[in-house]
Amino acid sequence: MVVLSDVEMEKLKATKTIGIIGLGDMGLLYARRFSEAGWKVCGCDREERYIELKESMSSLLPDVEIFKNGFHVTRLADYIIYSVEAENIGKIVSMYGPSTKVGAIVGGQTSCKSSEIEAFEKYLPDDVEIVSVHSLHGPRVDTTGQPLVLIQHRASDESFNFVETLMSCLHSKHVYLTYQEHDKITADTQAVTHAAFLSMGVAWHNSHQYPWETPKWTGGIENAKINISMRIFSNKWHVYAGLAITNPSAHKQITQYAKSTEELFTLMIQRKKDELMKRILEAKEKVFGHLGKNHQLLLNDDLLQQYSLSKTPPGGNQRNSHLSLLAIVDSWSQLDIVPYDHIICSTPLFRIFLGVSEYLFCTPGLLEDCISVSVDDITFRQDDLQFTMAAKEWSSTVSYGDFNLYRRKFENTQNFFQHMFPEATKMGNEMIKTILQRVKDNESQN
Ligand SMILES: NC(=O)C1=CN([C@@H]2O[C@H](COP(=O)(O)OP(=O)(O)OC[C@H]3O[C@@H](n4cnc5c(N)ncnc54)[C@H](OP(=O)(O)O)[C@@H]3O)[C@@H](O)[C@H]2O)C=CC1
Ligand SMILES: O=C(O)C(=O)Cc1ccc(O)cc1
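Residues numbered from 1 in each chain as written. Chains lettered and ligands numbered in written order. Predicted model: local features only at pLDDT ≥ 70, side-chain atom pairs only at ≥ 80, totals over all residues. Heavy atoms only, no water.

*Asks:* I would appreciate a short explanation of the overall build of the protein in the present structure.
*Replies:* Broken down by element type, the protein carries 19 helices and eight strands. Each of the three principal axes of the protein carries a C-alpha extent, and together these read 70 × 45 × 40 Å. Within the protein, buried positions represent 57% of all 446 residues. A sequence separation of at least 24 residues applies to 79% of the contacts in the protein between residues at least 6 apart. Carbon together with sulfur atoms contributes 51% to the accessible area of the protein, which is approximately 19,100 Å² in total. The distance from the centre of the 45 positive side-chain charges to the centre of the 55 negative ones in the protein is 2 Å. (Helix = DSSP H or I, 4+ residues; strand = E, 2+ residues; numbered from the N terminus. Buried < 20%, exposed > 50% of the residue type's maximum accessible area, 1.4 Å probe, protein only. Contact = heavy atoms within 4.5 Å. Areas by Shrake-Rupley, 256 points an atom, 1.4 Å probe, with all protein chains shown as cover. Lys, Arg positive; Asp, Glu negative; His and termini not counted. Charge placed at Lys NZ, Arg CZ, Asp CG, Glu CD.)

*Asks:* Help me out: how do you make sense of the site of ligand 2 in this one?
*Replies:* Ligand 2 sits among 13 residues. The nearest are S111, H134, Q190, H194 and Y240. One of the side-chain nitrogen or oxygen atoms of S111 is found 2.6 Å away from an oxygen atom of ligand 2. Separating an oxygen atom of ligand 2 from a side-chain N or O atom of Y240 is a distance of 3.0 Å. A per-class count over the shell around ligand 2 returns five nonpolar, eight polar and no charged. Built from parts of two domains, the shell around ligand 2 gets at least three residues from each of domain 1 (6–177) and domain 2 (182–445). (Near = heavy atom within 4 Å. Polar contact = N/O pair within 3.5 Å; in protein donor to acceptor, adjacent residues only side chain to side chain. Nonpolar A, V, L, I, M, F, W, Y, C, P; charged D, E, K, R; others polar. Domains from an automatic or database assignment.)

*Asks:* What exactly am I supposed to notice about the environment of N429 here?
*Replies:* On the secondary structure map, N429 appears in helix α19 (residues 421–445). In this structure, the C-alpha to C-alpha distance between N429 and Q270, residues 159 residues apart in sequence, is 40 Å. A distance of 2.8 Å separates a polar atom in the side chain of N429 from a polar atom in the side chain of R231.

*Asks:* I keep staring at the environment of K68 and nothing clicks. Help me out?
*Replies:* With respect to the helices, strands and loops of the structure, K68 is situated in the loop between β3 (65–66) and α4 (70–76). Given the relative accessible area of 42%, K68 is considered partly exposed. Along the backbone, K68 and I51 are 17 residues apart, and their C-alpha atoms lie at a distance of 8.3 Å. In contact with K68, not counting residues within four places along its chain, are C44, D45, R46, E47 and Y50.

*Asks:* Please explain the domain arrangement of the protein as it appears in this structure.
*Replies:* When the domains of the protein are assigned, the result is domain 1 (6–177) and domain 2 (182–445). Domain 1 puts 20 residues into the contact, and the matching count from domain 2 is 22 residues. When the two sides are added together, the surface that domain 1 and domain 2 hide from each other amounts to roughly 1,800 Å², 61% of it contributed by carbon and sulfur. Area buried by domain 1 at its contact with domain 2 is led by E87, S111 and L136, which between them contribute 26% of it. For the pair domain 1 and domain 2, the interface holds one salt bridge. Across the salt bridge formed by D25 and K236, the nearest N and O atoms sit 3.2 Å from each other. Counting across the domain 1 and domain 2 interface gives five residue pairs in polar contact (both at pLDDT 80 or more). When contributions to the side of domain 1 that touches domain 2 are tallied by element, the ones reaching two or more residues are α6 (113–123), β7 (147–154) and β8 (173–176). Looking at the side of domain 1 that touches domain 2, its residues break down into nine nonpolar, six polar and five charged. (Buried area = accessible area lost by both parts, 1.4 Å probe. Salt bridge = Lys/Arg side-chain N within 4 Å of Asp/Glu carboxyl O.)

In structure tokens form, the structure reads like this:
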């Protein structure tokens, strides 16, 4: 990153206006942080929200100028960020893009960059430059130290430096990628992580269970599964739908995840323990084989024990087949993905998923125990069947590209868990805070 002098930075702040189209969760986060850092910020949301938004922002962020629609923003701003639903990026850029101020820079916050860049190339005038961004975390996570992808797609170094200087107030870790690299990596990490936790939620819903009420799901790993699944279902459906459906690389990952789940489950019910063990150990070698003997595990069961939503104190942990975790490692292995290669560009949820899988696979005796349970103990059979069906359903919904079906499925399960979200969010935040602190501590020791 080119570091500008204070004088150069102040000059940019005095002369440039930042525009944000879409003041939802992420747009508001950026507006607040830029404005607090002394940048001139303007923005808009849907025209129908103008009066209400202008009123709420007058007390919340009085320095941010609110406009009726994107035409005003694009005409005025020097850097414009589209922070809207991925599904609608083409339509929205087609409306406001052609009126972009001459010589301005445009970017987006959507989670899939192919569709965003396609829209920019199609609808922006040739004199407009393109620098896109993606904060790899949710709106309520501290931005400090989290990966922030920057894509210098069609822009001079000077313009790129301007955007980077603006972003520096987030104190995130800058990661430089092309849009193609971005989409491949986020498909390998985010999309498949979400598929796993969405499948858990649907499986619990379809078997009418709240996992925190059932002694079956006790222990640290189970807490992580429950808290992350609740965190995803408490968010907006379009974030996950957009990320999975609009990214073509994501379809392959999600399909493989469903396939791995089904194939492993089939080996379990056929009681083909040796075959199952061989396949899992091959996957272990491919995914974790490179870790040295002194590799420090990111997570352990004890660390996660305290983050339980259950009202009853935990008894002994129920042994579980952990189909969801066996399947993720198997699918990474089948697709020749080494998840550690993507760690610089990963979200908190992906790091937790990897940490929990690593714990299961690399703690002596745990994996063998879980494979024995999966074949010999039928306690989780019905849950594993539900999970297998749910993974398959998400995979076909994504591959059909059907946003409406995705929304219906997502919101149906969201309603089932709704009452628990306030508590689950609090617990999930605490859990994530502890884990991120541990990541920092590990990094500073290395
Ligand atoms: N939430 C997250 O964790 C993250 C999300 N992202 C990505 O960032 C983008 C924004 O996500 P997020 O902020 O969570 O979603 P939100 O739904 O909170 O924000 C999107 C906003 O854009 C508004 N909008 C829709 N059409 C227009 C329009 N024509 N003009 C102006 N505003 C419009 C929406 O209004 P309405 O609701 O009325 O449609 C909504 O307020 C998405 O693409 C998402 O994938 C990236 C990183 C993290
Ligand atoms: O950490 C996760 O995976 C989240 O669920 C939050 C999230 C959602 C969408 C993004 O594009 C980036 C982060």
